[in-house]
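# Observations on the model geometry
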Amino acid sequence: MNDSLRDTLQELNQTHLITACEKLDAADRQLLEEQIAQIPWDEMRNLIPQALAGTATESLPEIQPLENAIRLPESQDEITSWAQAREAGLALLDAGRVGAILVAGGQGTRLGFPHPKGMFPIGPVTSRTLFQIFFEQLLALSNRHGVRIPYFIMTSDATHDETEQFLSEHAWFGYPPEDVYLFRQGTMPAIDDNTGQILLASPTQVAISPDGHGGLLNALQRANLFQSMKHHGVETLFYHQVDNPCVTMCDPVMLGFHSLRNSEITTKVVAKRNAAERVGILAQMNQRQAIVEYSDLPLELSEKTDSSGMLVYWAGNIAIHVMNRDLLERLATGTTRLPIHIAHKKVPYLNSESRVIEPEAPNAFKFERFVFDAIPLAQNPLVIETSREDEFNPVKNAEGEDSPASSKQALSRRGQRWLQQAGYDVAENTVVEISPLEALEPADLQDMDLNLDGDADEILLIPDSQ
Ligand code: UTP
C-alpha cells in the first residue's frame with residue numbers, strides 16, 4: 001500500500017483496512033489494496049461525518065405544486081400543439097441528433113430474477129425479452145429515419161458480463177454493434193453506522209454496491225462517452241429504465257416539446273393512481289422543479305385535492321427523461337454535481353472474528369446518486385403527461401402490481417387497442433404481441449392490410465425471419 005493511501009486511511013479512522021490487508025498473503029493483499037485504492041476517498045472524507053451526524057436536523061424543503069406541466073391534450077388547441085411538437089421531434093430524429101441511454105445496472109432484488117433484468121422474457125406470446133423490445137424499437141426508428149441512434153447502456157459489476165454475453169449471443173438483435181456502448185457504473189462502499197468504518201464483505205472484499213442510476217454521469221465521463229456522443233452529432237438523449245417494456249423510445253412528441261420549449265431536461269409523468277401510490281412526484285421544491293420522493297411527501301400534501309377533487313400533487317415520476325448532452329456533461333465535470341443520498345440499510349459484513357454477519361436491522365450507511373436530481377439543476381425543466389396504460393407498466397415485483405403478469409397483460413392490451421384503433425376487430429381475450437419491427441404505433445398497422453382472425457386465442461405480429 002502506498003504511503004499516501006496509508007495516510008488517508010489513518011486520517012479517516014480506517015486503519016482496520018490496513019490490518020485486514022496485513023493478514024493476507026501477497027496475491028489476496030493486492031486484491032484488497034486495489035479495491036481500497038478505488039474508493040473515492042475525497043468524497044468519503046465529507047460523507048462519513050455527514051452520515052454519522054444523521055439528517056434529523058435538516059429542515060424540510062418547501063414543497064409547492066408543479067409548474068410547467070403539459071397535460072394530455074383535450075382541447076383542439078392542445079391537440080394542435082401536440083401535433084406541432086411531434087413534427088419538431090420527427091425533425092430532430094431525421095437530423096440524427098438523438099441518442100438513447102438505458103440504465104441497466106440495478107440488482108433487481110424485488111423481482112428475484114437471477115440474471116440482468118433486461119434478459120427477462122416479457123413478450124405476452126413469445127419469450128421476447130425486455131432488451132429485445134428496446135433494440136427492436138431503436139432499429140425500427142433508425143431505419144425509418146435513415147439515421148444512426150447510438151445506444152448507451154449502463155451496466156454494473158453485477159450485470160455487465162452477462163449483459164454483454166447475452167447481447168452478443170443474440171447479435172445485438174440486429175442493431176449495429178458499433179452503435180451500442182456498454183459501460184459500467186461505479187460503486188460506493190458501505191460504512192458501519194456506529195463507527196463510520198468501511199465494511200468488509202469478506203477477508204478480501206470491501207462491501208460495495210452500485211452508486212445509483214445517478215452514477216450515470218460519472219460513468220459516461222470515465223468511459224469518454226461524451227466524446228462519442230459528439231462524434232455522432234448527438235445533442236439530445238432519450239433516457240429510460242430497463243424495467244418498462246411499454247416505453248415509447250425517442251418519443252417524437254416528447255423530443256419536440258423539449259426542443260420547442262428550450263428545456264434542458266424533460267420528464268414524463270403519469271397521474272398517480274391515488275394519494276397512497278408509492279411513487280416520487282414532480283413538484284416545486286425550494287422554488288425549483290424537482291422530484292419529491294414518496295417518503296418525503298408529507299401525508300397532508302399527498303392527500304391534498306383541488307376544488308374538483310383531483311390530487312394537487314398528481315404527477316408521478318416514471319423515470320423517462322429527455323436530456324441535453326450539455327447538461328449531463330456539465331453535471332459530470334463542472335463544479336455543481338449531483339448530490340449523494342445516504343441510506344440506512346442492512347449490509348452483511350465481516351466482524352472482528354472474521355465471521356460474516358447477516359444483520360437483522362439496518363447497520364450501515366450506503367451512498368447513491370439519483371439521475372432525477374439533475375432536474376432542479378437544469379434550465380427550463382419541463383414535465384409532460386402520458387397515459388399510464390399505454391406507457392408505464394414496469395416489471396418491479398415478482399407478483400401483484402408491477403409484476404411480469406401485470407406487465408405482459410398491459411402489453412397485450414395495448415396491442416389490442418392499437419389493432420382496434422387501426423380498424424381491426426379483436427376479441428378481449430385474444431393475447432396480442434406486436435414486434436416494434438412491425439409497428440411502432442397504431443398508424444403503422446393501418447397500412448398493413450392484415451388478415452386477422454379477431455377471435456383467435458393469439459395474434460402474433462413479428463418479422464418472418466423470427
Ligand atoms: P430500481 O430503483 O427499480 O432498482 O432501478 P433495481 O435495482 O432495478 O431493483 P430493486 O429495487 O433491487 O428491486 C430503476 C432503474 O435504475 C437502474 C435499474 O437497472 C433500473 O433500470 N439502476 C438502479 C442502475 O442502473 N443502477 C443502480 O445503481 C440502481
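What comes next concerns the included structure. (Residues numbered from 1 in each chain as written. Predicted model: local features only at pLDDT ≥ 70, side-chain atom pairs only at ≥ 80, totals over all residues. Heavy atoms only, no water.)

### Describing the sheet that holds strand β19 (residues 364-368)
Threshold: For two strands to pair, DSSP has to find at least two bridges joining them. Working definition: helices are DSSP H or I runs of at least four residues, strands are E runs of at least two. Numbering for both runs from the N terminus. The criterion used for residue contact is that any of the two residues' heavy atoms lie within 4.5 Å. The convention used is that axes are lines fitted to C-alpha atoms, helices contributing only their stretch in contact, and that angles between N-to-C directions extend from 0 to 180 degrees.
Taken together, the three strands give an open sheet; going across it, the order is β7-β19-β16, and neighbouring strands pair in antiparallel fashion. Each edge of the open sheet is held by one strand with a lone partner, namely β7 (191-192) and β16 (341-345). One ladder, built from two bridges, connects β7 with β19; its direction is antiparallel. What sits directly across from Asp 192, in β19, is Ala 364. Sheet strands touched by helix α4 (residues 41-53): β7, β16 and β19. Its angle to β19, the strand with the most contacts, is close to 130°.

### Describing the pairing of strand β13 (residues 281-285)
Just so we agree on the cut-off: Only protein chains enter the accessibility calculation, which uses a 1.4 Å probe; a residue whose area is less than 20% of its type maximum is buried, one above 50% is exposed, and one in between is partly exposed.
Taken across its five residues, β13 has four buried, putting it largely inside the fold. Relative to β13, strand β1 (residues 63-64) is paired through two bridges, and the arrangement is antiparallel. Counted as the bridge partner of Gln 64 is Gln 284 from β13. Of the pairings in the sheet, the one linking β13 to strand β14 (residues 288-292) comprises five bridges and is antiparallel in character. Note on β14: the bridge partner recorded for Ala 283 is Ala 290. Remark: two residues form the turn of the hairpin made by β13 and β14, two consecutive strands paired antiparallel; Asn 286 in that turn has positive phi of roughly 45°.

### Brief notes about the pattern of salt bridges
Side chains bearing opposite charge may pair, as long as their charged atoms lie close to each other. We count it as follows: Each salt bridge in this description consists of a side-chain nitrogen of Lys or Arg and a carboxyl oxygen of Asp or Glu lying within 4 Å of one another.
Evaluation of the coordinates by the stated rule reveals 24 salt bridges. Ionic pairing is found between Glu 385 and Arg 71, a salt bridge with its closest N-O pair at 2.8 Å. With Glu 385 in strand β20 (residues 382-385) and Arg 71 in the loop between β2 (69-70) and α5 (76-94), this residue pair connects regions lying 314 residues apart in the sequence. For Glu 385, a relative accessible area of 9% puts it in the buried group. Salt bridges sharing common partners tie together Arg 273, Glu 277, Arg 388 and Glu 401.

### Regarding empty space enclosed by the protein
Rule in force here: Only protein atoms enter the calculation, which uses a 1 Å grid: trapped sets of points that fit a 1.4 Å probe without letting it out are cavities, open sets showing protein on both sides within 12 Å along at least five of seven lines are pockets, and any residue with an atom within 4 Å of a point is a lining residue. Grid points are joined across faces, edges and corners, and a volume is the space filled by probe spheres set on the points. In this classification, Asp, Glu, Lys and Arg are treated as charged, Ala, Val, Leu, Ile, Met, Phe, Trp, Tyr, Cys and Pro as nonpolar, and every other residue, Gly included, as polar.
The final tally for this structure, using the stated rule, is two cavities of 30 Å³ or more. Taken together, Gly 214, Leu 217, Asn 218, Leu 331, Arg 337, Leu 338 and Arg 369 make up the full set of residues lining the largest cavity. Class assignment for the residues of the lining of the largest cavity results in three nonpolar, two polar and two charged. Taken as a whole, the second largest cavity spans an internal volume of roughly 30 Å³. In terms of lining residues, the second largest cavity is bounded by Met 188, Asp 211, Ile 340, Phe 367, Glu 368 and Arg 369. Residues belonging to the lining of the second largest cavity are distributed by class as follows: three nonpolar, no polar and three charged.

### Concerning the site of the ligand
Spelled out, the test is: Any residue with a non-hydrogen atom lying within 4 Å of a molecule or strand is treated as near it. By the criterion applied in these results, polar contacts are pairs of N or O atoms within 3.5 Å in which, for protein atoms, one can donate a hydrogen and the other can accept it, and in which residues neighboring in sequence qualify only through two side-chain atoms. Here the Shrake-Rupley method, with its probe set to 1.4 Å, supplies the accessible areas, and only the displayed protein chains count as covering residues.
Neighbouring the ligand are 17 residues, the closest being Val 103, Gly 105, Thr 109, Arg 110 and Gln 185. Arg 110 places a polar main-chain atom, nitrogen or oxygen, 2.8 Å from an oxygen atom of the ligand. At a separation of 3.0 Å, an oxygen atom of the ligand approaches a polar backbone atom of Val 242. In the complex, 84% of the free accessible area of the ligand, which totals 570 Å², lies under the protein chains.

### Describing the side chain of Lys 117
Keep this limit in mind: This count recognises Lys and Arg as positive and Asp and Glu as negative, with His and chain-terminal groups excluded.
When you line up the elements, Lys 117 lands in the loop between β3 (98-103) and α6 (130-145). Although Lys 117 is buried, it makes no salt bridge; Asp 243 carries the closest opposite charge, 4.0 Å away.

### Re the layout of surface pockets
Put simply, the second largest pocket is a space of about 1,000 Å³. Every residue lining the second largest pocket is counted, 40 residues in all, and those nearest its centre are Thr 248, Trp 418, Leu 440, Glu 441 and Pro 442. Across the lining of the second largest pocket, the residue classes tally to 20 nonpolar, nine polar and 11 charged.

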